[in-house]
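Each chain, written out:
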Amino acid sequence: MLSRLLLSYLALLLFSAYATAQVGGITAYQFLNLPNSATLAGMGGHHIALADDDLSLANRNPALLNEQMAKRVAISHAFHPAGISNSYVAYAVHKPKLRMTFQAGLQYVGYGDFTRRDVTGQDLGSFTASDYAFTVGVGRQLSERWRLGANLKLINSQLAEFSSFALATDIGIHYQDTTGRFGLSIVARNLGRQVSSYNDLREPLPLDIQIGINRELKYLPFRFSIIYRMLNRWNILYDDPNDEDTSIFVGFDQQADERG
């Protein structure tokens, strides 16, 4: 019964995602796409199909939560240019009777200190900016090969005395064959909306529907992965109006236009 409800919820969220996605817009809370561990950073930052005991992977796909992650702690801190830092900590527990694994995690991004100035350029002191995302998640083993999971995120952004707040969820499903060497995942990340914003105009969240395949070789220590992102936005091209075309074919195109 629970699995049917979760699957129905997933279908409803995916339908609403396609109905409300904004193409070509700029989203808020882009820090949610930052890798929250060295494992994710080393695999391109968006790995969703590897099921092992690494708890940090469940932040990207809650369907990867499993009993191997029980009583494990994930801690990560990354230094970026200009004094920006990205930290993540999480903990998981497993409930055998429910066949569920639960997690709680916190992601923090600090952007350092800034100088506040008035319109004349006078120094008025300093202020800080930061982003937070508190996550609680659950993953359930549906059968020997299938797992389903969901994350709930409480998102907060602070800029001096101003702030914004949002609620979001991740929904994922994972298939793993009996050998454990092949995995397939589908995830809808950051489904939700802003509750309050900086300027009273709600901004879209970085919604991303992904599909991923992971394959480990039987006799060699290699693993191949394919991750396809932005299934909810087929056209992800961005045309910069200030970008000059330096192609060698520009002259030929112009001459063709002049000849009519």
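Here's what I pulled together on the structure shown here.

On to the overall build of the protein. The secondary structure content of the protein amounts to 3 helices and 9 strands. Secondary structure elements of the protein occur, N-terminal to C-terminal, as α-α-β-β-β-β-β-β-β-β-β-α. Here the protein, with 260 residues, has 38% of them falling under the buried criterion. Here the protein has roughly 15600 Å² of accessible surface; of this, 58% comes from carbon and sulfur atoms.

Turning to the sheet that holds strand β2 (residues 85–95), a few remarks are in order. Ordered in space as β1-β2-β3-β4-β5-β6-β7-β8-β9, the 9 strands form an open sheet in which the pairing is antiparallel. Either end of the sheet is taken by a strand with one partner, and the two such strands are β1 (73–79) and β9 (223–228). Averaged over all pairs of adjacent strands, the angle between their axes in this sheet comes to 15°, without regard to strand direction.

Here the focus is the layout of surface pockets. Considered as a void within the structure, the second largest pocket measures approximately 200 Å³ in volume. Here the element with the most residues in the lining of the second largest pocket is strand β4 (residues 123–141); it accounts for 3 residues. Its residues assigned to classes, the lining of the second largest pocket shows 4 nonpolar, 7 polar and 5 charged.

In this structure, A28, Y29, F31, L32, V109, A133, I155, A166, A168 and L205 together form the largest nonpolar core, which totals 10 residues. Residues A58, M69, Y88 and A90 belong to the second largest nonpolar core, which totals 8 residues.

Summed over all chains, the structure comprises 5 salt bridges. Where R116 meets E161, a salt bridge forms, and the shortest distance between an N and an O atom there is 3.4 Å. Of this pair, R116 sits in strand β3 (residues 100–117) while E161 sits in the loop between β5 (146–159) and β6 (162–176), placing them 45 residues apart in sequence. By relative accessible area, which is 29% here, R116 ends up partly exposed. Classification of E161 by relative accessible area gives exposed; the value is 54%.

What follows is about the environment of L207. Examined against the element boundaries, L207 turns out to sit in the loop between β7 (182–196) and β8 (208–216). Spatially, the C-alpha atom of L207 lies 9.9 Å from that of R193, the residues being 14 residues apart in sequence.

What follows is about the pairing of β5. Sheet analysis places β4 next to β5, joined by 13 bridges and oriented antiparallel. Looking at the pairing, A133 lines up with I155 of β5. The loop that links β4 with its antiparallel partner β5 comprises 4 residues. Bridge analysis of β5 against β6 gives 14 bridges, and the strand direction is antiparallel. For N151, the partnering residue across the bridge sits in β6 and is D170. Where β5 folds back on β6, the antiparallel hairpin that results is connected by 2 residues, among which A160 adopts a positive phi of roughly 55°.

What counts, and at which threshold
- Residues numbered from 1 in each chain as written.
- Predicted model: local features only at pLDDT ≥ 70, side-chain atom pairs only at ≥ 80, totals over all residues.
- Heavy atoms only, no water.
- Helix = DSSP H or I, 4+ residues; strand = E, 2+ residues; numbered from the N terminus.
- Buried < 20%, exposed > 50% of the residue type's maximum accessible area, 1.4 Å probe, protein only.
- Areas by Shrake-Rupley, 256 points an atom, 1.4 Å probe, with all protein chains shown as cover.
- Pairing = 2+ DSSP bridges.
- Axes fitted to C-alpha atoms, helices over the stretch in contact; angles between N-to-C directions.
- 1 Å grid on protein atoms, 1.4 Å probe; cavity = no way out; pocket = protein on both sides within 12 Å on 5 of 7 lines; lining within 4 Å.
- Points joined across faces, edges and corners; volume = space filled by probe spheres on them.
- Nonpolar A, V, L, I, M, F, W, Y, C, P; charged D, E, K, R; others polar.
- Core = buried A, V, L, I, M, F, W, Y, C linked by side-chain atoms within 4.5 Å.
- Salt bridge = Lys/Arg side-chain N within 4 Å of Asp/Glu carboxyl O.

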